[in-house]
Amino acid sequence: MKTDNRSVSIFNIAVIVASLGYFVDIYDLLLFTIVRVPSLKSLGLPQSEIDAGAGLLLINIQMVGLLIGGIFWGIIGDKKGRLSVLFGSILIYSVANIANGFVHGINGYILWRFVAGFGLAGELGAGITLVSEILPKEKRGYGTMIVATVGVSGAVAANLIAKLVGDWRICYFIGGGLGLALLVLRVSVMESHLFNAVKASTAARGSLVALFNNRERFMKYLKCMLLGTPTWFVVGILIAFSNKFATIMNVQGAINPGDAVAFCYAGLVLGDFTTGLLSQVWQSRRKVMLLFLLLTGVMVAVYLNLHGVATWVFYTVCFILGFSVGFWAIFVTIAAESFGTNLRATVATTVPNFARGMLPLISLLFINVQKHFTFLQSGAIVAVVCIGIALITAWNVEETFGKDLNYLEEI
């Protein structure tokens, strides 16, 4: 019997809990970026190890955790249910957060950053999948808009708390405490009726191999991943190295990468809200993606030509850059809407983590291009590659707005 969910409110408990879960998720990811240097200094590591060595290893080991966790939680989400991931992932990364606050050596830090990355990997995909399946197709965009907007604001909260509290250990305890408190709310969340229907059937579900053994399905999966590439180019290259870009362009005054990240993520919050709202008003995910990718291209060009500007102008452009790549909600929603119920969680959970995992490849390209071009020219070349690929993908991607999600993949 088909469930009528047309009366379900966009502010139901599933949307609220998914939003708060993603908030804690982003809080932890950005908090690590903010406290990595002071925490490693506190552990007695020399500057050379902080800049490279152990500092780089921590970043990479967290990324490995995200990639492995993305696969694990995605499959669990389709085999055991969306709620299993929402409970399991937040429990693991909350405990890991608290454990991060107790570390007294680099080996313990490495272990718990891996565990944190593993836990964090499941939050967004499971939340978007659950919200997409619970809400009626006319309201899905609003629900995922709320999840992304509230979630990304966790980055702003992390920056404020880190500045107010100061002690990196307490900042980790706060993140872990928020996550454990959220577990209480999750008790009242109901499982997706679409998943329950598939669970009661004999249909195969939760297979990563199924995304690669069929050419048409693989191409659709690859397109979903490539849509998110520009976000990580902007955040991981332009914003992460904003101080170096600013120095080369003779920006008036010193640029703090932490502040640049905060301005960028503040823009992301507004961007996620705007793209979600526009996709509902225009009744199109694809048109919004194309518009914001074009805006990203324009803003990258502006960013790379900020020669001699004041610091407030530079930070303003960082904010608008963040706004331009604020299509994370639309990007993951397209992924969730593009696949059947028996593979939906696997796709929605792995796609954002694999997109994040492209950052090392983007960084490698950026480094190698610098052997033949200047720092600014290298940034422009990598921008053309990342944004160009995403634009071509968005032009060819399926329009998923209003799509009926009550179907299965043949696997």
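Just above sits the structure.
None of these values were measured; they are calculated from a predicted model.

Asks: In this structure, what is going on with the overall build of the protein chain? I would like to understand it.
Replies: Within the protein chain, the regular secondary structure consists of 19 helices and zero strands. Taking 2.2 N^0.38 as the reference for a compact globule, 411 residues should give roughly 22 Å; the C-alpha atoms of the protein chain span a radius of gyration of 20 Å, in line with that estimate. A principal-axis box enclosing the C-alpha atoms of the protein chain has dimensions of 65 × 45 × 40 Å. Scored against the burial criterion, the 411 residues of the protein chain give a buried share of 58%. Within the protein chain, contacts between residues separated by at least 24 positions form 84% of all contacts whose residues are at least 6 apart in sequence. Total accessible area computed for the protein chain in this model is approximately 16,000 Å², and 69% of it derives from carbon and sulfur atoms. Each charge class in the protein chain was averaged separately, 28 positive and 20 negative side chains, and the resulting centres sit 2 Å apart.

Asks: Would you explain the packing of aromatic side chains in this entry?
Replies: Scanning the entire structure with this criterion turns up 21 aromatic pairs. When the centroid spacing of 5.0 Å and the interplanar angle of 75° are considered together, the rings of Phe72 and Trp73 count as edge-to-face. Overall, Trp73 belongs to the buried group, its relative accessible area being 5%. Centroid distance Phe245 to Phe375: 4.6 Å. Interplanar angle 50°. Geometry classified as tilted. One end of the pair, Phe245, is in helix 12 (residues 242–248); the other, Phe375, is in helix 19 (residues 375–396), and 130 residues separate them in sequence. What links up through ring pairs into an aromatic cluster is the set Phe245, Phe263, Tyr303, Phe314, Tyr315, Phe366 and Phe375.

Asks: Where do I start with the packing of helix 11 (residues 229–239) against helix 13 (residues 257–281) in this structure?
Replies: Packed helix pairs are characterised by how far apart their axes lie and by the angle those axes make with each other. It is at 10 Å that the axes of helix 11 and helix 13 come closest, and there the two elements cross at 160°. As judged from the angle between their axes, helix 11 and helix 13 are roughly antiparallel. Viewed along their axes, helix 11 and helix 13 form a crossing whose handedness is right-handed. Contacts from Trp232, Val235 and Ile239 of helix 11 reach helix 13 at Pro257, Ala260, Val261, Cys264 and Tyr265.

Asks: Looking at this structure, how should I read the nonpolar core?
Replies: In this structure, Phe233, Phe245, Tyr265, Tyr303 and Phe314 are the most contacted members of the largest nonpolar core, which totals 128 residues. Residue assignment places this core across two domains, with domain 1 (11–191) and domain 2 (209–410) each supplying three or more. The residues contacting Tyr265, other than those within four sequence positions of it, are Ile26, Leu30, Val152, Ala155, Val156, Trp232 and Val235.

Asks: Honestly, the pattern of salt bridges in this entry has me stumped. Any pointers?
Replies: Pairing is possible between side chains that carry opposite charge, provided their charged atoms lie close to one another. Taken as a whole and assessed by the stated rule, the structure comprises ten salt bridges. As a salt-bridge pair, Arg344 and Glu133 come within 2.7 Å of each other at their nearest N and O atoms. On the criterion of sequence distance, the pair formed by Arg344 in helix 17 (residues 344–357) and Glu133 in helix 6 (residues 123–134) is long-range, its members being 211 residues apart. For Glu133, a relative accessible area of 2% gives the class buried. One salt bridge connects Glu409 with Arg217, and the closest N-O pair in it is separated by 3.6 Å. Residue Glu409 is found in the segment after helix 19, and its partner Arg217 is found in helix 10 (residues 215–226); the two are separated by 192 residues along the sequence.

Asks: Even after reading the chapter, I still don't get the environment of Ala157, so can you show me in this structure?
Replies: On the secondary structure map, Ala157 appears in helix 7 (residues 140–165). Judged by its relative accessible area of 16%, Ala157 falls in the buried class. Spatially, the C-alpha atom of Ala157 lies 9.2 Å from that of Leu31, the residues being 126 residues apart in sequence. Excluding anything up to four places from it in sequence, Ala157 contacts Phe23 and Tyr27.

Asks: How should the environment of Asn305 be read in this particular structure?
Replies: Structurally, the position occupied by Asn305 is in the loop between helix 14 (285–303) and helix 15 (311–324). Since its relative accessible area comes to 52%, Asn305 is described here as exposed. The sequence separation of Asn305 and Leu376 amounts to 71 residues, and the corresponding C-alpha distance is 8.9 Å. Among the polar contacts listed, one links the side chain of Asn305 to the backbone oxygen of Ala301, at a separation of 2.7 Å.

Asks: Can you help me understand helix 17 in this one?
Replies: Three- or four-residue spacings in an α-helix give side chains the same orientation, since the helix completes a turn every 3.6 residues. Over its 14 residues, helix 17 extends 20 Å from the first C-alpha to the last, a length consistent with the 20 Å expected when each residue adds 1.5 Å. Across the 14 residues of helix 17, 14 count as buried, placing the element largely inside the fold.

Asks: What should I look at first to understand the side chain of Thr149 in this one?
Replies: You can see Thr149 is positioned in helix 7. Here Met145 takes part through its backbone oxygen, which lies 2.7 Å from a polar atom of the side chain of Thr149. In this structure Thr149 touches Val269, Asp272 and Phe273, once residues within four positions along its chain are discounted.

Asks: For this particular structure, what's the right way to read the side chain of Thr129?
Replies: Among the structural elements, Thr129 can be located in helix 6. Apart from the residues lying within four places of it in its own chain, the contact partners of Thr129 are Arg82, Arg344, Ala345 and Ala348.

Each value, and the rule that gives it
Residues numbered from 1 in each chain as written. Predicted model: local features only at pLDDT ≥ 70, side-chain atom pairs only at ≥ 80, totals over all residues. Heavy atoms only, no water. Helix = DSSP H or I, 4+ residues; strand = E, 2+ residues; numbered from the N terminus. Rg over C-alpha atoms; globule rule 2.2 N^0.38 Å. Buried < 20%, exposed > 50% of the residue type's maximum accessible area, 1.4 Å probe, protein only. Contact = heavy atoms within 4.5 Å. Areas by Shrake-Rupley, 256 points an atom, 1.4 Å probe, with all protein chains shown as cover. Lys, Arg positive; Asp, Glu negative; His and termini not counted. Charge placed at Lys NZ, Arg CZ, Asp CG, Glu CD. Phe/Tyr/Trp six-rings, centres within 6.5 Å; stacked < 30°, edge-to-face > 60°. Axes fitted to C-alpha atoms, helices over the stretch in contact; angles between N-to-C directions. Parallel < 35°, antiparallel > 145°, perpendicular 65-115°, else oblique. Left-handed = near helix turned anticlockwise from the far one by under 90°. Core = buried A, V, L, I, M, F, W, Y, C linked by side-chain atoms within 4.5 Å. Domains from an automatic or database assignment. Salt bridge = Lys/Arg side-chain N within 4 Å of Asp/Glu carboxyl O. Polar contact = N/O pair within 3.5 Å; in protein donor to acceptor, adjacent residues only side chain to side chain. Expected span 1.5 Å × (residues − 1).

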